[in-house]
Amino acid sequence: MKKLLALALTLAMVLSLAACGGNTTTEEPTTDDGAGEGDAATQEITLWTYPIGGWGKEDVVDELMAQFEADTGIKVNVEYLAYADGDDKVNSAISANGAPDLIMEGPERLVANWGVKGYMVDLADMLDDTDKAEINAATLASCTNAEGKIYEYPLVMTAHCMAINRNAFEEAGALQYIDEETHTWTTEDFISAVAALNDYYGDTVGAVFCKGQGGDQGTRALINNLYGGTFTTPEHDGYTWDDPANIEALELLKGMDGIDFDASLEGGDEIVKFYQGILKMAFCWNIAQQLDPNAAGTGAGKTITGDDIVFMSFPSETGESQLCGGVWGFGIFDNGDDAKIEAAKTFIKYFCDSEHTADAVKAANYFAVRDTAEGADLSGIWADNEIMAEYNKLMPYLGDLYQVTAGWAQARTSWWNMLQDIGEGADISSTVETFMAEANTAAAG
């Protein structure tokens with residue numbers, strides 16, 4: 001709390017200086033009535049949040065904001081964004097000089113998009129050596145640009161995975177190919193399982209969906225992990241889809257009975273078909289889906305027909321995969337108002353590094369990016385939740401968070417277009433080279 005109190009004191013000093021300067025607004029001076037922190041209740045900031053677990057639900061956020069205002073005297077006005085048009089709303093607000101003070105999302109937007117364009121406040125001064133040691137290193141790296149500027153203060157993270165219909169696997173005699181204890185399997189196991197399922201059901205059991213970019217972390221992870229391929233350079237300055245291991249993986253998938261390249265499906269569509277029992281495995285999955293498949297509210301870990309869903313790491317030659325990850329936290333738009341920037345920093349410290357962090361993490365329904373926040377132990381935050389505790393077994397497999405690579409928006413478009421062409425029968429090697437060149441041109445530009 002010492003950092004939080006220091007930030008609150010700094011905010012009070014900034015507000016005091018503003019009141020003594022050339023501010024043209026007419027505010028009545030406050031007097032000490034014994035209300036303490038409530039004296040600063042005139043300060044208001046705005047938060048725009050994408051639907052990140054409960055942070056996208058008004059009732060959950062209202063409760064969090066009420067406590068924050070009671071503790072700090074800062075009122076937060078919240079607007080809820082959808083992924084379908086959220087980016088357009090933010091970009092329009094930026095163009096109209098009306099960006100929010102705070103925004104909650106991931107580094108692909110806060111760092112690689114709005115940050116690199118100069119719209120965000122550098123938060124490096126908010127993290128001391130203790131903070132940097134406590135926060136997951138890969139997560140913090142994804143929130144930091146090449147010049148060391150930190151445009152996102154991370155709160156939660158997760159590892160994306162895939163899922164299988166356990167009942168279908170059991171009926172087809174394919175359970176022998178998975179390790180239910182560790183939730184892992186090898187590439188050889190995957191090949192054998194798909195063959196067994198296809199022989200038993202005589203139909204498509206898994207789809208390489210490529211209608212659009214929705215859920216594309218699943219197809220990326222599947223293709224990269226099968227034979228150990230990469231998606232970008234380690235420095236995140238270019239794309240490496242022509243890695244021979246990726247070509248081998250694409251050739252395997254294209255030739256497998258039971259696996260189809262389906263240009264009619266995005267990730268969400270695939271989940272629906274899996275949830276309905278049509279597909280026997282899903283490549284677009286994470287803890288949110290495991291807790292509530294297809295957001296249907298019919299119970300955790302079950303299909304619509306009551307079959308058991310088992311989450312799985314992606315198959316690899318060794319069984320130990322590099323999983324794509326998600327990171328979510330807060331960034332501050334530089335709107336030129338020092339008082340609001342300080343208030344926004346107070347907000348971030350309150351929810352990301354104080355005794356209130358546990359509540360913020362639980363609201364998101366993901367995993368904390370740190371084990372300790374100002375002395376508060378977060379390591380056992382999900383000990384009382386069987387599903388979350390079990391899913392935590394996948395977190396050590398969290399791989400490189402490469403979403404901050406330049407040209408990311410074009411890369412995502414090029415990726416699904418590439419998969420579409422491959423699905424239609426185009427030569428794999430030359431098609432990969434063509435679309436990778438598109439992405440690298442964007443990265444260089």
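Our subject is the structure listed above.
(A) Highlighting the nonpolar core. One finds Trp55, Phe190, Trp241, Phe330 and Phe347 to be the most contacted residues of the largest nonpolar core, which totals 140 residues. Per element, the largest residue contribution to this core is 8 residues, and it comes from helix α13 (residues 338-352).

(B) Representation of the sheet that holds strand β5 (residues 161-165). Spatially, the 3 strands line up as an open sheet ordered β8-β5-β9, and their pairing is antiparallel. The sheet is open, and its two edges are formed by β8 (281-285) and β9 (309-312), each paired on a single side. Strand-to-strand twist in this sheet, taken as the mean axis angle between neighbours without regard to direction, amounts to 30°. Sheet topology places β5 next to β8; 3 bridges connect them, and they run antiparallel. Residue pairing for β8: Ile164 is matched across the bridge by Met281.

(C) The packing of helix α10 (residues 244-255) against helix α17 (residues 428-444), seen in detail. Relative orientation of the contacting elements α10 and α17 amounts to 125°, with a least axis distance of 10 Å. Put simply, α10 runs oblique to α17. α17 is crossed by α10, and the crossing has right-handed handedness. Here Ile247, Leu250, Glu251 and Lys254 of α10 lie close against α17, whose contacting residues are Ile428, Ser429 and Val432.

(D) Focus on the sheet that holds strand β1 (residues 44-49). Taken in spatial order, the 6 strands line up as β2-β1-β3-β10-β4-β11 in an open sheet, and their pairing is mixed. Of all strands in the sheet, those with a lone pairing partner are β2 (75-80) and β11 (367-368), marking the two edges. Note: strand β4 (residues 153-159) against β11, 2 bridges, orientation antiparallel. Looking at the pairing, Met157 lines up with Phe367 of β11.

(E) Local environment of the packing of helix α16 (residues 408-423) against α17. Relative to each other, α16 and α17 sit at 165°, their axes nearing to 9 Å. Here α17 runs roughly antiparallel to α16, going by the angle between their axes. For the element pair α16 and α17, the recorded crossing hand is right-handed. Judged by residue contacts, Gln410, Ala411, Ser414, Asn417, Met418, Asp421 and Ile422 of α16 engage Ile428, Thr431, Val432, Phe435, Glu438, Ala439 and Ala442 from α17. Of the residues that constitute the contact of α16 with α17, the class distribution is 8 nonpolar, 4 polar and 2 charged.

(F) Examining helix α2 (residues 58-72) more closely. Here α2 is 15 residues long and its end C-alpha atoms lie 20 Å apart, about the 21 Å a rise of 1.5 Å per residue gives. Where the residues of α2 are buried, they touch β2, α13 and α14 (357-364). Gly73 lies just past α2 and shows a positive phi near 80°.

(G) Structural context of the pattern of salt bridges. For the structure shown, the criterion picks out 15 salt bridges. The partner of Arg109 in a salt bridge is Glu105, and the shortest N-O contact between them spans 2.8 Å. Notably, a salt bridge pairs Glu170 with Arg166, separated by 3.6 Å at the nearest N-O pair. With a gap of 4 residues between them, Glu170 and Arg166 both fall in helix α7 (residues 166-171), about one helical turn apart. Residue class for Glu170 comes out partly exposed when judged on its relative accessible area of 48%. Its relative accessible area of 23% is what places Arg166 among the partly exposed residues. Linked through salt bridges whose partners overlap, the residues forming this network are Asp131, Glu134, Lys349, Asp353 and Arg370.

Criteria and thresholds
- Residues numbered from 1 in each chain as written.
- Predicted model: local features only at pLDDT ≥ 70, side-chain atom pairs only at ≥ 80, totals over all residues.
- Heavy atoms only, no water.
- Core = buried A, V, L, I, M, F, W, Y, C linked by side-chain atoms within 4.5 Å.
- Buried < 20%, exposed > 50% of the residue type's maximum accessible area, 1.4 Å probe, protein only.
- Helix = DSSP H or I, 4+ residues; strand = E, 2+ residues; numbered from the N terminus.
- Pairing = 2+ DSSP bridges.
- Axes fitted to C-alpha atoms, helices over the stretch in contact; angles between N-to-C directions.
- Parallel < 35°, antiparallel > 145°, perpendicular 65-115°, else oblique.
- Left-handed = near helix turned anticlockwise from the far one by under 90°.
- Contact = heavy atoms within 4.5 Å.
- Nonpolar A, V, L, I, M, F, W, Y, C, P; charged D, E, K, R; others polar.
- Expected span 1.5 Å × (residues − 1).
- Salt bridge = Lys/Arg side-chain N within 4 Å of Asp/Glu carboxyl O.

Without other data, these values stay purely geometric and don't point to any function.
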